[in-house]
Amino acid sequence: MLRDTWVLFRHGVRTTLRQKVGIVFGAVQPLLFLVLFGPLFTTIGTWETLVPGLIIQLGLMSMGLAGFGVVFERSSGVLERLRVTPVSRLALLLGRVLNNAVTLIIQTALLLAAAYALGLRAPAAGVLAGFVLVLVLGVSLAALSYAVALTIDQNLFAPVMSTAVIPLVLLSGSFLPMSMAPGWLDALSHLSPFRYPLEALRELFHGHYANGTVALGVAVTVVFAAVSLTVGTRVFNRENA
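Residues numbered from 1 in each chain as written. Predicted model: local features only at pLDDT ≥ 70, side-chain atom pairs only at ≥ 80, totals over all residues. Heavy atoms only, no water.

## What about the overall build of the protein chain?
- Broken down by element type, the protein chain carries twelve helices and zero strands.
- Over its C-alpha trace the protein chain gives a radius of gyration of 18 Å, about what one expects of a compact globule, namely 18 Å for 241 residues.
- Taken over the C-alpha atoms alone, the protein chain extends approximately 55 × 40 × 35 Å along its principal axes.
- Taken over 241 residues, the protein chain has a buried fraction of 44%.
- Nonlocal contacts in the protein chain, meaning residues at least 24 apart in sequence, comprise 79% of its contacts between residues at least 6 apart.
- A gap of 11 Å separates the mean positions of the 15 positive and 9 negative side-chain charges of the protein chain. (Helix = DSSP H or I, 4+ residues; strand = E, 2+ residues; numbered from the N terminus. Rg over C-alpha atoms; globule rule 2.2 N^0.38 Å. Buried < 20%, exposed > 50% of the residue type's maximum accessible area, 1.4 Å probe, protein only. Contact = heavy atoms within 4.5 Å. Lys, Arg positive; Asp, Glu negative; His and termini not counted. Charge placed at Lys NZ, Arg CZ, Asp CG, Glu CD.)

## A closer look at the packing of helix H4 (residues 47-64) against helix H11 (residues 195-205)
- Between H4 and H11, the shortest axis-to-axis distance is 9 Å and the interhelical angle comes to 140 degrees. By the angle between their axes, H4 is oblique relative to H11. Two packed elements cross with a definite hand, and for H4 against H11 that hand is right-handed. Two secondary-structure elements touch here, H4 through Glu48, Thr49, Val51, Pro52, Gly53, Ile55 and Ile56 and H11 through Leu198, Leu201, Arg202 and Phe205.
- By residue class, the composition of the contact of H4 with H11 is seven nonpolar, two polar and two charged. (Axes fitted to C-alpha atoms, helices over the stretch in contact; angles between N-to-C directions. Parallel < 35°, antiparallel > 145°, perpendicular 65-115°, else oblique. Left-handed = near helix turned anticlockwise from the far one by under 90°. Nonpolar A, V, L, I, M, F, W, Y, C, P; charged D, E, K, R; others polar.)

## With respect to the environment of Val231
- In this structure, Val231 sits in helix H12 (residues 212-239).
- Linking Val231 and Gly69, residues 162 residues apart in sequence, is a C-alpha distance of 18 Å.
- Once you skip the residues sitting within four places of it in the chain, Val231 turns out to touch Leu144 and Ala147.

## What about helix H3 (residues 28-41)?
- Under the 1.5 Å per step criterion, the end-to-end length of H3 is 18 Å for 14 residues, consistent within 8% with the ideal 20 Å.
- Of all the bends found along H3, the most pronounced is centred on Val35 and spans about 35 degrees, while Pro39, a proline, follows it within four residues. (Expected span 1.5 Å × (residues − 1). Bend = angle between axes of the 7 residues up to and from the residue.)

## Focus: the confidence of the model for the protein chain
- In the predicted model, the protein chain carries a mean pLDDT of 85, and 90% of its residues have values of at least 70.
- Confidence, expressed as mean pLDDT per element, reaches its minimum in the protein chain at helix H6 (residues 78-82) with 64 and its maximum at H11 with 96. (pLDDT = per-residue confidence, 0-100.)

## So, the environment of Pro177
- In this structure, Pro177 sits in the loop between helix H9 (157-172) and helix H10 (183-189).
- Pro177 sits 25 residues away from Arg202 along the chain, and the two C-alpha atoms are 9.7 Å apart.

## Some thoughts on the nonpolar core
- Counting 48 residues, the largest nonpolar core has Val51, Ile55, Leu120 and Phe205 as its most contacted members.
- A per-element tally of this core places helix H8 (residues 124-151) first, with eleven residues.
- The residues touching Ile55, leaving out its near neighbours within four places in the chain, are Thr108, Leu111, Leu112, Val134, Leu201 and Phe205. (Core = buried A, V, L, I, M, F, W, Y, C linked by side-chain atoms within 4.5 Å.)

## Side note on empty space enclosed by the protein
- A full pass over the atoms with the stated rule returns one cavity of 30 Å³ or more.
- When its volume is computed, the largest cavity comes out at roughly 50 Å³.
- Along the walls of the largest cavity sit Ile56, Gly59, Leu60, Val134, Leu137, Gly138, Leu141 and Phe194, which together make up its complete lining.
- Put simply, the parts of the chain that give the lining of the largest cavity at least two residues each are H4 and H8. (1 Å grid on protein atoms, 1.4 Å probe; cavity = no way out; pocket = protein on both sides within 12 Å on 5 of 7 lines; lining within 4 Å. Points joined across faces, edges and corners; volume = space filled by probe spheres on them.)

## What about the layout of surface pockets?
- The volume enclosed by the largest pocket comes to roughly 1,200 Å³.
- Lining the largest pocket are 34 residues, with Thr16, Gln19, Gly69, Asn99 and Asn100 sitting closest to its centre.
- Within the residue set of the lining of the largest pocket, elements represented by two or more residues are helix H1 (2-17), helix H2 (20-26), H3, H4, helix H5 (68-76), H6 and helix H7 (89-118).
- Here the element with the most residues in the lining of the largest pocket is H7; it accounts for six residues.
- Of the residues contributing to the lining of the largest pocket, the split by class is 16 nonpolar, 16 polar and two charged.

What follows is the structure, given as structure tokens:
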């Protein structure tokens, strides 16, 4: 399985790196918020508060729509041809998810480079720890996105995921901390699993490492990863049996 995963991952990365414009374009929206909204936000907050929110937004938008690849492969017959090969079904999922992780790493690095140029001063240790947290979250979300893409009608994937992702971005507190929201909206946002890693990320970017917020964010991310990867694996195995 490891060999199959590596072969599929390597092929996916080569294809992805040939589409440099697509990688950059995927990070355009958070970059625009950073450049156009950032200077306004810093009159009431800090870059260390805004940038983690934009990173979570990037992860949700990029990884949440990762299933588009499977939608295309289903419609073009590529997935059907893969079913008759001896390739491990789990490798088919892991190869894709790890390729998505590379894309997220590159896009996040671009966003962080622009943020540091504008005034972000987060400590290196906090940024590195946050990078790992976001990577686990992104991989998990990509696996869940593939599961959705294989489960519903391919024509419904785009509207369903777009409708789901946008409220999750807003409820996570990507633009403003949800503690600033009205009580009912703050309470509603606690239902989003992305609020907790975002709050942990903000703590890490402020140089706070060992507190309850970080611990809760890590715990929620680990649970979300376990559930998402389990669901993704089961759906992929079933649909490609």
